[in-house]
Amino acid sequence: PTKWQLDSYKEQREYLINGELKIWNGPLNEIVSPVTLNNNGKYEKNKIGSTPLLTSKEALEALDAAVLAYKNGTGEWPTMSVIKRISHVEMFLVEMKKHRTEVVKWLMWEIGKNLPDSEKEFDRTCIYIEETIKQLKNMDHHNSSWDKEEGIIAQIRRVPLGVALCMGPYNYPLNETFTTLIPALI
């Protein structure tokens, strides 16, 4: 249906390092949809876009930027309160929900998922983020009190532990990426 067709070929040249969008002028990795097109009885591969084919140099730059931002646990994000980290993720979720149709469309074309499954993956991911936030708020509320055990007084504080790489599989790229990313962030 026309509603679910892609508007155009998406050539992405931007990549993010150290909070800055950089432009890639090197080779691109073409994205070919598993959904083939019937052109007068001839089936053709459907090229839907491309992404930067970055090198180990850019990967190491991204890693170095993440390590610098973490700053051995003294960076802005790891020292931010749980409530502030949650607030940032909640703002992200509000913005993410505004792009549901677009994300669902790309899930269908990029990995060949049908409409109901693509919608379920998007919705399930949003619910997962909301539930993770809810659970962390409950844990943080409980941990805001001081515990005394065998003469030792302590308070539990949850903070990011370091730099992490979060990747999702081909069949559930949105959901599985976010189920590792969101807990790592907050």
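Just above, that's the structure.
Residues numbered from 1 in each chain as written. Predicted model: local features only at pLDDT ≥ 70, side-chain atom pairs only at ≥ 80, totals over all residues. Heavy atoms only, no water.

(A) Quick look at the overall build of the protein chain. For the protein chain, the helix and strand inventory stands at 6 helices and 7 strands. Shown N-terminal to C-terminal, the secondary structure of the protein chain runs as helices and strands in the order β-β-β-β-β-α-α-α-α-α-β-β-α. Expected size for 186 residues packed as a compact globule is a radius of gyration near 16 Å; at 21 Å, the protein chain overshoots this value by more than 25%. Here the C-alpha coordinates of the protein chain stretch approximately 80 × 40 × 25 Å along the principal axes. Across the 186 residues of the protein chain, 25% fall into the buried class. For the protein chain, the proportion of contacts with a sequence separation of at least 24, taken over those separated by at least 6, is 61%. Across the protein chain, the mean location of the 23 positive side-chain charges is 2 Å away from that of the 25 negative side-chain charges. (Helix = DSSP H or I, 4+ residues; strand = E, 2+ residues; numbered from the N terminus. Rg over C-alpha atoms; globule rule 2.2 N^0.38 Å. Buried < 20%, exposed > 50% of the residue type's maximum accessible area, 1.4 Å probe, protein only. Contact = heavy atoms within 4.5 Å. Lys, Arg positive; Asp, Glu negative; His and termini not counted. Charge placed at Lys NZ, Arg CZ, Asp CG, Glu CD.)

(B) Local environment of the pairing of strand β5 (residues 42–52). Bridge count for strand β1 (residues 10–11) against β5 is 2 bridges, and the pairing is parallel. Considered in β5, the bridge of Glu 11 is made with Ser 50. Pairing geometry for strand β4 (residues 28–39) and β5, over 9 bridges, is antiparallel. The partner of Asn 39 across the bridge, within β5, is Lys 42. If you look at the hairpin formed by β4 and β5, you'll find 2 residues sitting between the two strands, and Asn 40 has a positive phi there, around 55°. (Pairing = 2+ DSSP bridges.)

(C) Quick peek at helix α6 (residues 173–185). Between its terminal C-alpha atoms α6 stretches 18 Å, which fits the 18 Å expected from 13 residues at 1.5 Å a residue. Maximum bend of α6: about 25°, positioned at Thr 179, with proline Pro 183 one to four residues after it. (Expected span 1.5 Å × (residues − 1). Bend = angle between axes of the 7 residues up to and from the residue.)

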